[in-house]
Amino acid sequence: MSARIIDGKAIAEKVRGEVKEGVAAFVAKYGRAPGLDVLLVGEHAPSIVYTRNKEKAALEVGIRGRLHRLPETTTQAQLLEQIAALSADPSVDGILIQLPLPKHIDERTVLLAIPPEKDVDGFHPVNVGRLSTGQDALVPCTPLGSLRLLDEAGVNLKGANAIVIGRSNIVGKPMAQLLLGRDATVTIAHSRTADLPALCRTMDVVVAAVGRAEMVKADWIKPGAAVIDVGINRIESADGKGRLVGDVAYAECKEVAGSITPVPGGVGPMTIAMLLQNTLTAAHARSR
Ligand code: GUN
(Lines give C-alpha, C1' and ligand atoms only; values in the text may rest on other atoms or scores of the structure.)
Protein backbone atom coordinates (compact mmCIF):
# COMPACT_ATOMS: atom_id res chain seq x y z
CA MET A 1 0.00 0.00 0.00
CA SER A 2 1.22 3.47 -0.79
CA ALA A 3 2.02 5.83 2.08
CA ARG A 4 0.01 8.80 3.20
CA ILE A 5 1.78 11.87 1.78
CA ILE A 6 2.33 14.52 4.45
CA ASP A 7 1.54 17.84 2.76
CA GLY A 8 4.00 20.32 4.26
CA LYS A 9 2.74 23.16 2.11
CA ALA A 10 -0.83 22.82 3.39
CA ILE A 11 0.26 22.33 7.02
CA ALA A 12 2.60 25.35 6.82
CA GLU A 13 -0.33 27.37 5.50
CA LYS A 14 -2.39 26.23 8.49
CA VAL A 15 0.40 27.25 10.92
CA ARG A 16 0.67 30.67 9.28
CA GLY A 17 -3.09 31.10 9.68
CA GLU A 18 -2.83 30.20 13.38
CA VAL A 19 0.05 32.65 13.84
CA LYS A 20 -1.88 35.38 12.04
CA GLU A 21 -4.78 34.93 14.48
CA GLY A 22 -2.37 34.81 17.41
CA VAL A 23 -0.69 38.01 16.24
CA ALA A 24 -4.06 39.79 15.99
CA ALA A 25 -4.87 38.73 19.57
CA PHE A 26 -1.39 39.89 20.69
CA VAL A 27 -1.90 43.30 19.08
CA ALA A 28 -5.34 43.62 20.70
CA LYS A 29 -3.88 42.81 24.11
CA TYR A 30 -0.59 44.70 24.06
CA GLY A 31 -1.18 47.46 21.49
CA ARG A 32 1.86 46.56 19.41
CA ALA A 33 2.84 43.96 16.83
CA PRO A 34 5.51 41.34 17.55
CA GLY A 35 8.79 42.38 15.92
CA LEU A 36 11.23 40.20 13.97
CA ASP A 37 14.58 41.58 12.84
CA VAL A 38 16.59 39.57 10.33
CA LEU A 39 20.25 40.42 9.72
CA LEU A 40 22.07 39.42 6.56
CA VAL A 41 25.76 40.17 6.12
CA GLY A 42 27.08 40.02 2.55
CA GLU A 43 25.78 38.81 -0.78
CA HIS A 44 25.34 35.01 -0.43
CA ALA A 45 22.71 34.57 -3.16
CA PRO A 46 20.49 31.90 -1.53
CA SER A 47 20.57 33.83 1.77
CA ILE A 48 19.29 36.96 0.02
CA VAL A 49 16.25 34.98 -1.18
CA TYR A 50 15.70 33.26 2.20
CA THR A 51 15.87 36.48 4.21
CA ARG A 52 13.53 38.34 1.84
CA ASN A 53 11.09 35.44 2.20
CA LYS A 54 11.34 35.61 6.00
CA GLU A 55 10.61 39.35 6.02
CA LYS A 56 7.70 38.95 3.58
CA ALA A 57 6.20 36.03 5.52
CA ALA A 58 6.40 38.04 8.75
CA LEU A 59 4.58 41.01 7.22
CA GLU A 60 1.87 38.70 5.82
CA VAL A 61 0.86 37.53 9.31
CA GLY A 62 1.03 41.00 10.87
CA ILE A 63 4.48 40.70 12.44
CA ARG A 64 6.60 43.84 12.13
CA GLY A 65 9.31 42.22 9.99
CA ARG A 66 12.50 44.04 9.10
CA LEU A 67 15.44 42.86 7.01
CA HIS A 68 18.78 44.55 7.66
CA ARG A 69 21.25 44.13 4.81
CA LEU A 70 24.83 44.74 5.93
CA PRO A 71 27.79 44.90 3.53
CA GLU A 72 30.26 42.00 3.22
CA THR A 73 32.90 44.31 4.73
CA THR A 74 30.97 44.67 8.03
CA THR A 75 33.34 43.94 10.91
CA GLN A 76 32.46 41.59 13.75
CA ALA A 77 32.48 44.58 16.13
CA GLN A 78 29.99 46.44 13.91
CA LEU A 79 27.71 43.41 13.75
CA LEU A 80 27.87 42.99 17.53
CA GLU A 81 26.98 46.66 17.91
CA GLN A 82 23.94 46.18 15.70
CA ILE A 83 22.87 43.13 17.73
CA ALA A 84 23.31 45.09 20.97
CA ALA A 85 21.04 47.85 19.64
CA LEU A 86 18.32 45.34 18.66
CA SER A 87 18.73 43.55 22.00
CA ALA A 88 18.03 46.79 23.84
CA ASP A 89 15.05 47.72 21.66
CA PRO A 90 11.82 46.66 23.40
CA SER A 91 9.91 46.52 20.07
CA VAL A 92 12.19 43.68 18.90
CA ASP A 93 11.04 40.19 19.94
CA GLY A 94 13.11 38.09 17.56
CA ILE A 95 16.63 38.52 16.20
CA LEU A 96 17.79 36.19 13.43
CA ILE A 97 21.31 36.27 12.05
CA GLN A 98 21.27 34.54 8.68
CA LEU A 99 23.98 31.91 8.28
CA PRO A 100 26.52 31.41 6.82
CA LEU A 101 28.38 34.53 7.95
CA PRO A 102 31.42 35.84 6.04
CA LYS A 103 34.66 34.07 7.07
CA HIS A 104 36.07 37.03 9.04
CA ILE A 105 33.15 36.85 11.50
CA ASP A 106 33.05 34.19 14.24
CA GLU A 107 29.64 32.54 14.21
CA ARG A 108 29.78 31.34 17.83
CA THR A 109 30.61 34.77 19.20
CA VAL A 110 27.80 36.35 17.23
CA LEU A 111 25.16 33.77 18.20
CA LEU A 112 26.13 34.15 21.87
CA ALA A 113 25.43 37.88 21.62
CA ILE A 114 21.73 37.33 20.91
CA PRO A 115 19.70 37.42 24.14
CA PRO A 116 18.22 33.91 24.58
CA GLU A 117 14.70 35.36 24.90
CA LYS A 118 15.02 36.91 21.40
CA ASP A 119 16.78 33.89 19.86
CA VAL A 120 14.02 32.79 17.45
CA ASP A 121 16.43 30.35 15.74
CA GLY A 122 16.92 28.53 19.05
CA PHE A 123 20.69 28.33 18.46
CA HIS A 124 21.86 29.95 21.72
CA PRO A 125 23.36 27.45 24.21
CA VAL A 126 20.81 28.61 26.83
CA ASN A 127 17.95 27.54 24.56
CA VAL A 128 19.76 24.31 23.66
CA GLY A 129 20.14 23.60 27.40
CA ARG A 130 16.56 24.51 28.17
CA LEU A 131 15.29 22.16 25.45
CA SER A 132 17.47 19.29 26.66
CA THR A 133 16.34 19.76 30.28
CA GLY A 134 12.66 19.86 29.36
CA GLN A 135 12.10 23.57 30.07
CA ASP A 136 10.26 26.06 27.87
CA ALA A 137 12.69 26.99 25.10
CA LEU A 138 12.86 28.58 21.70
CA VAL A 139 13.43 25.52 19.49
CA PRO A 140 15.14 25.50 16.06
CA CYS A 141 12.55 25.90 13.32
CA THR A 142 13.30 22.87 11.15
CA PRO A 143 12.99 20.20 13.86
CA LEU A 144 10.01 22.02 15.36
CA GLY A 145 8.33 21.95 11.95
CA SER A 146 9.19 18.27 11.52
CA LEU A 147 7.54 17.45 14.85
CA ARG A 148 4.44 19.36 13.79
CA LEU A 149 4.28 17.28 10.59
CA LEU A 150 4.41 14.05 12.63
CA ASP A 151 1.60 15.37 14.84
CA GLU A 152 -0.51 16.43 11.89
CA ALA A 153 -0.05 12.97 10.35
CA GLY A 154 -1.34 11.45 13.59
CA VAL A 155 1.88 9.54 14.27
CA ASN A 156 2.06 8.07 17.78
CA LEU A 157 5.42 8.97 19.35
CA LYS A 158 4.94 7.65 22.87
CA GLY A 159 7.00 4.48 23.15
CA ALA A 160 7.81 4.55 19.42
CA ASN A 161 11.29 3.65 18.20
CA ALA A 162 12.59 6.72 16.40
CA ILE A 163 15.85 7.28 14.54
CA VAL A 164 17.32 10.64 13.60
CA ILE A 165 19.91 10.25 10.87
CA GLY A 166 22.31 13.19 11.22
CA ARG A 167 23.72 14.86 14.34
CA SER A 168 23.86 18.54 13.42
CA ASN A 169 23.26 21.20 16.05
CA ILE A 170 20.56 22.80 13.89
CA VAL A 171 18.50 19.70 13.07
CA GLY A 172 19.64 16.28 14.30
CA LYS A 173 20.33 16.98 17.97
CA PRO A 174 17.29 19.20 18.66
CA MET A 175 15.08 16.77 16.71
CA ALA A 176 16.24 13.94 18.96
CA GLN A 177 15.46 16.06 22.04
CA LEU A 178 11.97 16.86 20.79
CA LEU A 179 11.23 13.17 20.13
CA LEU A 180 12.62 12.22 23.53
CA GLY A 181 10.43 14.89 25.10
CA ARG A 182 7.45 13.12 23.54
CA ASP A 183 8.46 9.76 25.04
CA ALA A 184 9.91 8.16 21.92
CA THR A 185 12.92 5.86 22.28
CA VAL A 186 15.47 7.78 20.25
CA THR A 187 18.57 6.72 18.32
CA ILE A 188 20.86 9.29 16.73
CA ALA A 189 22.70 7.82 13.75
CA HIS A 190 25.62 9.38 11.88
CA SER A 191 28.35 8.59 9.37
CA ARG A 192 30.05 6.11 11.75
CA THR A 193 26.91 4.19 12.72
CA ALA A 194 27.31 0.44 12.15
CA ASP A 195 24.84 -1.23 9.75
CA LEU A 196 22.49 1.71 9.46
CA PRO A 197 20.10 -0.04 7.03
CA ALA A 198 19.41 -2.88 9.49
CA LEU A 199 19.08 -0.47 12.43
CA CYS A 200 16.74 1.78 10.48
CA ARG A 201 14.53 -1.19 9.55
CA THR A 202 13.59 -1.59 13.24
CA MET A 203 12.27 1.99 13.51
CA ASP A 204 8.70 3.31 13.65
CA VAL A 205 9.81 6.88 12.92
CA VAL A 206 12.68 7.90 10.62
CA VAL A 207 13.92 11.50 10.39
CA ALA A 208 16.61 11.90 7.72
CA ALA A 209 18.81 14.99 7.99
CA VAL A 210 22.21 14.14 6.53
CA GLY A 211 22.40 16.02 3.25
CA ARG A 212 23.04 12.94 1.08
CA ALA A 213 20.77 12.62 -1.92
CA GLU A 214 18.38 9.66 -1.75
CA MET A 215 20.51 7.76 0.78
CA VAL A 216 17.60 6.10 2.62
CA LYS A 217 16.29 3.22 0.51
CA ALA A 218 13.03 1.28 0.60
CA ASP A 219 14.64 -1.75 2.26
CA TRP A 220 15.71 0.50 5.20
CA ILE A 221 12.08 1.23 6.02
CA LYS A 222 9.87 -0.88 8.27
CA PRO A 223 6.46 -1.30 6.64
CA GLY A 224 4.12 1.38 7.98
CA ALA A 225 6.87 3.63 9.44
CA ALA A 226 6.61 7.44 9.38
CA VAL A 227 9.37 9.06 7.32
CA ILE A 228 10.33 12.73 7.60
CA ASP A 229 12.84 13.90 5.00
CA VAL A 230 14.73 17.07 6.00
CA GLY A 231 17.24 16.84 3.13
CA ILE A 232 17.28 19.20 0.17
CA ASN A 233 19.86 18.15 -2.43
CA ARG A 234 20.22 19.29 -6.00
CA ILE A 235 21.11 16.47 -8.39
CA GLU A 236 21.66 16.40 -12.14
CA SER A 237 18.66 15.83 -14.36
CA ALA A 238 18.22 14.91 -18.02
CA ASP A 239 17.28 18.50 -18.98
CA GLY A 240 20.47 19.84 -17.35
CA LYS A 241 18.55 22.12 -14.98
CA GLY A 242 19.02 19.91 -11.92
CA ARG A 243 16.34 18.51 -9.67
CA LEU A 244 15.70 18.77 -5.93
CA VAL A 245 15.63 15.52 -3.99
CA GLY A 246 15.69 14.67 -0.30
CA ASP A 247 17.83 12.30 1.75
CA VAL A 248 15.17 9.64 1.17
CA ALA A 249 14.61 7.73 -2.09
CA TYR A 250 11.03 8.95 -2.15
CA ALA A 251 9.49 6.98 -5.02
CA GLU A 252 10.50 3.61 -3.59
CA CYS A 253 10.11 4.45 0.12
CA LYS A 254 6.55 5.71 -0.27
CA GLU A 255 5.55 2.19 -1.28
CA VAL A 256 6.69 0.87 2.12
CA ALA A 257 6.19 3.74 4.60
CA GLY A 258 2.92 4.49 6.40
CA SER A 259 3.39 8.23 5.96
CA ILE A 260 6.12 10.25 4.26
CA THR A 261 7.07 13.83 3.40
CA PRO A 262 7.88 14.75 -0.20
CA VAL A 263 10.77 17.00 -1.31
CA PRO A 264 9.99 19.71 -2.17
CA GLY A 265 6.73 20.40 -0.33
CA GLY A 266 7.42 18.59 2.95
CA VAL A 267 9.64 19.99 5.70
CA GLY A 268 10.85 22.95 3.60
CA PRO A 269 7.71 25.11 3.79
CA MET A 270 7.44 24.48 7.56
CA THR A 271 10.66 26.26 8.46
CA ILE A 272 9.50 29.84 7.90
CA ALA A 273 6.08 29.05 9.39
CA MET A 274 7.78 27.89 12.61
CA LEU A 275 9.98 31.01 12.63
CA LEU A 276 6.80 33.09 12.68
CA GLN A 277 5.42 30.90 15.47
CA ASN A 278 8.67 31.29 17.44
CA THR A 279 8.49 35.08 17.04
CA LEU A 280 4.98 35.10 18.51
CA THR A 281 6.10 32.75 21.30
CA ALA A 282 9.04 35.05 22.10
CA ALA A 283 6.78 38.11 22.06
CA HIS A 284 4.41 36.49 24.57
CA ALA A 285 7.24 35.32 26.82
CA ARG A 286 8.72 38.84 26.84
CA SER A 287 5.35 40.41 27.66
CA ARG A 288 4.62 38.34 30.73
N1 GUN B 1 20.81 29.46 7.02
C2 GUN B 1 20.23 28.32 6.56
N3 GUN B 1 19.27 27.90 7.41
C4 GUN B 1 19.23 28.79 8.43
C5 GUN B 1 18.44 28.91 9.61
O6 GUN B 1 17.57 28.09 9.92
N7 GUN B 1 18.71 29.98 10.39
C8 GUN B 1 19.66 30.89 10.09
N9 GUN B 1 19.86 31.89 10.92
N10 GUN B 1 20.41 30.81 9.01
C11 GUN B 1 20.20 29.76 8.19
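Please read all numbers here as calculations on a predicted model, not as lab measurements.

**Remarks on the sheet that holds strand β2 (residues 35-41)**
Strands in a sheet are paired, the pairing made by backbone hydrogen bonds, and the direction either parallel or antiparallel.
At step 1: The sheet built from three strands is open, its strands ordered β3-β2-β4 with parallel pairing. Looking at the sheet topology across the chains shown, the edges are occupied by β3 (64-70) and β4 (94-97). Taking each pair of neighbouring strands and ignoring which way they run, the sheet shows an average axis angle of 15 degrees.
At step 2: On the sheet, helix α3 (residues 76-88) packs against β2, β3 and β4 and is oriented at approximately 180 degrees with respect to β2.

**Considering the side chain of D93**
At step 1: Along the polypeptide, D93 turns up in the loop between α3 and β4.
At step 2: Look at D93 and you get buried, because its relative accessible area is 0%.
At step 3: Side-chain polar atoms of D93 contact the backbone nitrogen of G35, separated by 2.9 Å.
At step 4: Polar contacts involving the side chain of D93 include one to the side chain of R286, which spans 2.5 Å.
At step 5: In this structure, D93 is in contact with R32, A33, P34, G35, E117, K118, T279, A282, A283 and R286, ignoring residues within four places of it in sequence.

**Concerning the packing of helix α2 (residues 45-60) against helix α10 (residues 268-287)**
At step 1: Where α2 contacts α10, the two axes come as close as 10 Å, and the packing angle between them is 55 degrees. Classified by the angle between their axes, α2 and α10 sit oblique to one another. As α2 runs across α10, the sense of the crossing is right-handed. Note on element contacts: α10 touches α2 through I272, L275 and L276, opposite N53, K54, A57 and A58.

**Some remarks on the pattern of salt bridges**
At step 1: Counted under the stated rule, the structure contains 14 salt bridges.
At step 2: With a closest N to O distance of 3.6 Å, R16 and E60 form a salt bridge. Residue R16 is found in helix α1 (residues 8-30), and its partner E60 is found in helix α2; the two are separated by 44 residues along the sequence.
At step 3: What emerges from the salt-bridge pattern is a single network uniting K14, E18, R148 and E152.

**Thoughts on the site of the ligand**
At step 1: In the neighbourhood of the ligand, the contacting residues comprise L96, I97, Q98, L99, D121 and F123.
At step 2: I97 is positioned with one of its backbone polar atoms (N or O) 2.8 Å from a nitrogen atom of the ligand.
At step 3: In the model, a nitrogen atom of the ligand is placed 3.2 Å from a nitrogen or oxygen of the Q98 side chain.
At step 4: Here the ligand, which alone exposes 280 Å², has 75% of that area covered by the protein.

**As for the packing of aromatic side chains**
How two aromatic rings sit relative to each other is given by the distance of their centres and the angle of their planes.
At step 1: In this structure the tally under the stated criterion is one aromatic pair.
At step 2: Centre to centre, the rings of F26 and Y30 are 4.6 Å apart; their planes meet at 45 degrees, and the pair counts as tilted. Pair noted here: F26 and Y30 are both in helix α1, with a separation of four residues, about one helical turn.
At step 3: According to the relative accessible area criterion, Y30 is partly exposed, its value standing at 30%.

**Considering the side chain of S259**
At step 1: Within the secondary structure, S259 sits in strand β11 (residues 259-260).
At step 2: In this view, S259 contacts A3, R4, I6, A153, V155, A225, A226 and V227; residues no more than four positions away in its chain are not counted.

**As for the sheet that holds strand β6 (residues 185-189)**
At step 1: Read across the sheet, six strands follow the order β1-β11-β8-β7-β5-β6 without closing on themselves; strand pairing throughout is parallel. Edge positions in the sheet fall to β1 (4-5) and β6, since each has one partner strand and no second.
At step 2: Here strand β8 (residues 226-229) pairs with β11 via two bridges, running parallel. Residue A226 lies in a different strand from β11, and its bridge partner there is S259.

What counts and how
- Residues numbered from 1 in each chain as written.
- Predicted model: local features only at pLDDT ≥ 70, side-chain atom pairs only at ≥ 80, totals over all residues.
- Heavy atoms only, no water.
- Pairing = 2+ DSSP bridges.
- Helix = DSSP H or I, 4+ residues; strand = E, 2+ residues; numbered from the N terminus.
- Axes fitted to C-alpha atoms, helices over the stretch in contact; angles between N-to-C directions.
- Contact = heavy atoms within 4.5 Å.
- Buried < 20%, exposed > 50% of the residue type's maximum accessible area, 1.4 Å probe, protein only.
- Polar contact = N/O pair within 3.5 Å; in protein donor to acceptor, adjacent residues only side chain to side chain.
- Parallel < 35°, antiparallel > 145°, perpendicular 65-115°, else oblique.
- Left-handed = near helix turned anticlockwise from the far one by under 90°.
- Salt bridge = Lys/Arg side-chain N within 4 Å of Asp/Glu carboxyl O.
- Near = heavy atom within 4 Å.
- Areas by Shrake-Rupley, 256 points an atom, 1.4 Å probe, with all protein chains shown as cover.
- Phe/Tyr/Trp six-rings, centres within 6.5 Å; stacked < 30°, edge-to-face > 60°.

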